[in-house]
Structure formats: C-alpha cells, structure tokens
Amino acid sequence: MITLLVSLLLLITNSQAKADTNENFMKFELVKLPYAVDGLEPVIGKSTIEFHHGKHLQTYVNNLNNLIQGTKFENADLETIVRESDGVLFNNAGQVLNHNLYFTQFSPKGGGQPSGKLAEAINAAWGSFENFQKEFEAAGVSLFGSGWVWLAADKDGKLSITKEANAGNPVTKGLKPLLGFDVWEHAYYLDYQNRRADHLKELWKIVDWKAVEARF
Ligand code: MN
C-alpha cells in the first residue's frame, strides 16, 4: 500500500516537473496582432492574416522553442539568437523576429508619411519620401525568390534599404530594422497572386508610422 502511494506520488511529482519544463521551453510566444484579423482589408485579406500569422508564424515560433531546448540559446533573447545562430535555428529565429516586426508595424488607420526625426533622416538619404518609397518597392520587386526588404538604421541614425534573402534581418549587419516588407509569396499570394509589385505598393496604406518611428 505504502509502495503504491509512493509510486503515485513520484508519478505526480514527475509529471509536474515535466509540465514545468515544457512551460519553460515555451519561451517565445506568438506575437499578438494590434488589430482584428480582417482589420487590414482590403490591403491584406483576412485569410492571408489567418494563415500568415496563425499558421506560418506559429510554426516558426514552435520550431524556435523546440530548437533552443538544451542549447546555449535557451535563455538568450531573440536578437542574440538571430545574430549568433546559423542553419535551421537561424531560419526559424530570423522568421520570428521578422514577423514580430512585420505584424506590429501595420494599422487599419495607417498610411500617410512619417514625421519628425525619421522623416528628416529619410529626406537626407533619398531626397524625398516618394523617392524612398520608389527605391524600397524596387528593392522588393527585384529580390529573387523569398526574402525581405528592410528600412534600417545604423548607430548614427543613417538610413539604408537592405535586401535580405529568406529569413535575413539587418541585425546581422549591426543595423536596426525599422520597417520590413515580406516578399515571401505566403504574404500576398491569396490576395495578389503573382503581382508582388502591386502588393508592395498597397502596403504603404497600412504602415503605422508611429510604430516605425518608435523603433528609430
Ligand atoms: Mn512571412
């Protein structure tokens, strides 16, 4: 009887420990959308958001949590993992960082132009907001295959546009990412099919410049 009780206690203690361990490893969570799933229509449709955020990004988050278990990255922050990892871990960590920035830079009330210091820095680099938009779109259209186009700042606040393949992020070049357009087909295919240029042009209508300025 006592043996049975002890076994039972051990079983409960063990499963509790396991639950705690798994909880600890669910370190990174799916970023919350600051708008409804249909809030960005018609620029980005509800189905695209549901798949892109709820399926694609959730998979990257799950993979990342599984991959860091028992490694030196277990307690590292996301940017450190992206800067210091490679291979499959880099791909998943990079995509979590990229999409966390992506999904939190839009608003149903977005659009217009940046203001303040960011507007000044854009004018200093490209002459005008319109020129910056043209170059940003051209970078996205000319990126072959899957990847990202970023507006990034260096330590002195000087801006540049970077084209990154696959899961790339400007943090690996020592730059701070401010705005990123996802040119993987999963970001636009349901709404725009092959028309990537049309999609990129439409995205300006939902950019939340206050959120982007806060990153600068
Ligand atoms: Mn994506």
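Right, let's walk through the structure included here. Quick caveat, the model's predicted, so the values are computed rather than measured.

### Concerning the sheet that holds strand β2 (residues 159-165)
Okay, so step 1: Taken in spatial order, the three strands of this open sheet run β2-β1-β3, and their pairing is antiparallel. In this open sheet, the two strands that pair with only one neighbour each are β2 and β3 (176-182). Strand-to-strand twist across the sheet, computed as the mean angle between neighbouring axes with direction ignored, equals 25°.
Okay, so step 2: Where strand β1 (residues 147-153) meets β2, seven bridges bridge the pair, whose relative direction is antiparallel. Along β2, the bridge assignment pairs L151 with I161.

### Thoughts on the layout of surface pockets
Okay, so step 1: One number sums up the size of the largest pocket: a volume of about 170 Å³.
Okay, so step 2: Along the walls of the largest pocket sit 13 residues, with E79, V171, L175, K176 and P177 positioned nearest its centre.
Okay, so step 3: Secondary structure elements with two or more residues in the lining of the largest pocket: α3 (78-84), α4 (87-103) and β3.
Okay, so step 4: A per-class count over the lining of the largest pocket returns six nonpolar, one polar and six charged.

### Notes on the packing of aromatic side chains
Okay, so step 1: Inspection of every chain in the model, using the stated rule, returns 14 aromatic pairs.
Okay, so step 2: Each ring, one from W126 and one from F132, has its centre 5.0 Å from the other, and the planes form 50°; the classification is tilted.
Okay, so step 3: Judged by relative accessible area, W126 falls into the buried class, the value being 13%.
Okay, so step 4: Between F181 and W204, the aromatic rings sit 5.0 Å apart at their centres with planes inclined by 55°, giving tilted as the arrangement.

Cut-offs applied
- Residues numbered from 1 in each chain as written.
- Predicted model: local features only at pLDDT ≥ 70, side-chain atom pairs only at ≥ 80, totals over all residues.
- Heavy atoms only, no water.
- Pairing = 2+ DSSP bridges.
- Helix = DSSP H or I, 4+ residues; strand = E, 2+ residues; numbered from the N terminus.
- Axes fitted to C-alpha atoms, helices over the stretch in contact; angles between N-to-C directions.
- 1 Å grid on protein atoms, 1.4 Å probe; cavity = no way out; pocket = protein on both sides within 12 Å on 5 of 7 lines; lining within 4 Å.
- Points joined across faces, edges and corners; volume = space filled by probe spheres on them.
- Nonpolar A, V, L, I, M, F, W, Y, C, P; charged D, E, K, R; others polar.
- Phe/Tyr/Trp six-rings, centres within 6.5 Å; stacked < 30°, edge-to-face > 60°.
- Buried < 20%, exposed > 50% of the residue type's maximum accessible area, 1.4 Å probe, protein only.

Distances and angles like these do not, on their own, reveal function.
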